[in-house]
Each structure stands twice: as structure tokens, then as C-alpha cells.
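Examining the three-dimensional arrangement
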Amino acid sequence: MAAPVHAQTYDPSYPVCLQVWILSGSYIECRYTTMAQCRASASGRSAMCQENPYWTRPQGYGRPRPQRVY
């Protein structure tokens, strides 16, 4: 009998996800607001951080600043 499988979901509330590999497979946690937070959690583990492809940016987030022309 095979072990139960848990669905991997990307939480659209967080921009960074951690993928962790374990003996029975891997899982993804999307609960980090920065890459630095994720990297701290991944440190010393078989894991990697990645951008969340389903993250929904808040209004005005990451808007380019106007450049001055001299």
C-alpha cells in the first residue's frame, strides 16, 4: 500500500517558497516574505528557496520610481 500523498499548494500571500527534500519525496512551504528568511530556514537542510509563481502583488508594490532626467 502506498503512503498518502499531500497536495502541494503555493500560498499566494507570500512571495517566497521553500522546497524541502525528504526521503519520501519533497514538499513546498510558501510562508516567507524575503529570500533571506527562506535561506535561513533552508540552511543545513536539503532545501532551496524560490520565488512563488502564484504570489499576488499588493497594489503599488514594486512600482518603478520615476527617474530624473538632467
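Residues numbered from 1 in each chain as written. Predicted model: local features only at pLDDT ≥ 70, side-chain atom pairs only at ≥ 80, totals over all residues. Heavy atoms only, no water.

Brief notes about the side chain of Gln 19
Relative to the assigned elements, Gln 19 resides in strand β1 (residues 16-22). One polar contact links Gln 19 to Ser 26, side chain to side chain, over a distance of 3.4 Å. In this view, Gln 19 contacts Ser 26, Tyr 27, Ile 28, Ser 46, Ala 47, Met 48 and Gln 50; residues no more than four positions away in its chain are not counted. (Helix = DSSP H or I, 4+ residues; strand = E, 2+ residues; numbered from the N terminus. Polar contact = N/O pair within 3.5 Å; in protein donor to acceptor, adjacent residues only side chain to side chain. Contact = heavy atoms within 4.5 Å.)

Quick notes on the state of the cysteines
Scanning the model with the defined rule gives two disulfides in all. Disulfide pairing is shown between Cys 17 and Cys 30; the S-S distance is 2.0 Å. Judged by the torsion about the S-S bond (100°), the Cys 17/Cys 30 disulfide is right-handed. Within this pair, whereas Cys 17 is found in strand β1, its partner Cys 30 is found in strand β2 (residues 25-32), the two being separated by 13 residues in sequence. Judged by its relative accessible area of 8%, Cys 30 falls in the buried class. Each sulfur of the disulfide joining Cys 38 and Cys 49 lies 2.1 Å from the other. Its S-S torsion of approximately -105° makes the covalent link between Cys 38 and Cys 49 left-handed. Residue Cys 38 is located in helix α1 (residues 35-42), and its partner Cys 49 is located in strand β3 (residues 47-51); the two are separated by 11 residues in the primary sequence. (Disulfide = S-S within 2.5 Å. Buried < 20%, exposed > 50% of the residue type's maximum accessible area, 1.4 Å probe, protein only.)

Don't take any of this as a statement about function, it's just geometry.
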